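Take a look at the letters that make up each chain.
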Amino acid sequence: DLHVRSRRQRQMCIRDRRRILDERGVTQLVVTGLATGMGVESTVRAAYDAGLSVVVATDAVTDPVAERHRACLELTLPGVAELGTSADILALLAD
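Since the model is a prediction, treat every value here as computed from it, not as a measurement.

Sorry if this is basic, but what is going on with the overall build of the chain here?
Regarding its fold elements, the chain presents 4 helices and 3 strands. Listed N to C, the secondary structure of the chain is α-β-α-β-α-β-α in terms of helices and strands. Per-residue burial for the chain yields a buried fraction of 32% across its 95 residues. Long-range pairs, those at least 24 residues apart, make up 71% of the contacts in the chain between residues at least 6 apart in sequence. Roughly 6,200 Å² of accessible area belongs to the chain as shown, and the carbon and sulfur atoms make up 51% of that amount.

The structure is reproduced here in structure tokens:
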């Protein structure tokens, strides 16, 4: 498994990260992180725009603004990613 950590928004916009993913044949990302309405959302959108399938682990994201977190999970992210709990995602990966 490849783990990419970043302290910047729009991690997936960095060209060398995309090259690393392509070299490994990665087609799907599972996204977790802080600031659901900022870093998480921008990473999800960038990955989606790059043609990757994106899954957000809903119990592994948070935001300091509860309303922004809720709005992202209910309104924004479902349009560009699949959503599921960490347990759901791990169960699907185990199949």
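Any chance you could explain the sheet that holds strand 3 (residues 82-84) here in plain terms?
Strands pair in a sheet through their backbones, by hydrogen bonds, and they do so in one of two ways: parallel or antiparallel. Strand order in the open sheet formed by 3 strands is 1-2-3, and the pairing between neighbours is parallel. Looking at which strands have only one partner, the edges of the open sheet turn out to be strand 1 (28-33) and strand 3. Shown here is a sheet whose adjacent strand axes are inclined to one another by a mean of 25°, direction ignored. Judged from the 3 bridges that link them, strand 2 (residues 53-61) and strand 3 form a sheet pairing that is parallel.

Calculation criteria
Residues numbered from 1 in each chain as written. Predicted model: local features only at pLDDT ≥ 70, side-chain atom pairs only at ≥ 80, totals over all residues. Heavy atoms only, no water. Helix = DSSP H or I, 4+ residues; strand = E, 2+ residues; numbered from the N terminus. Buried < 20%, exposed > 50% of the residue type's maximum accessible area, 1.4 Å probe, protein only. Contact = heavy atoms within 4.5 Å. Areas by Shrake-Rupley, 256 points an atom, 1.4 Å probe, with all protein chains shown as cover. Pairing = 2+ DSSP bridges. Axes fitted to C-alpha atoms, helices over the stretch in contact; angles between N-to-C directions.

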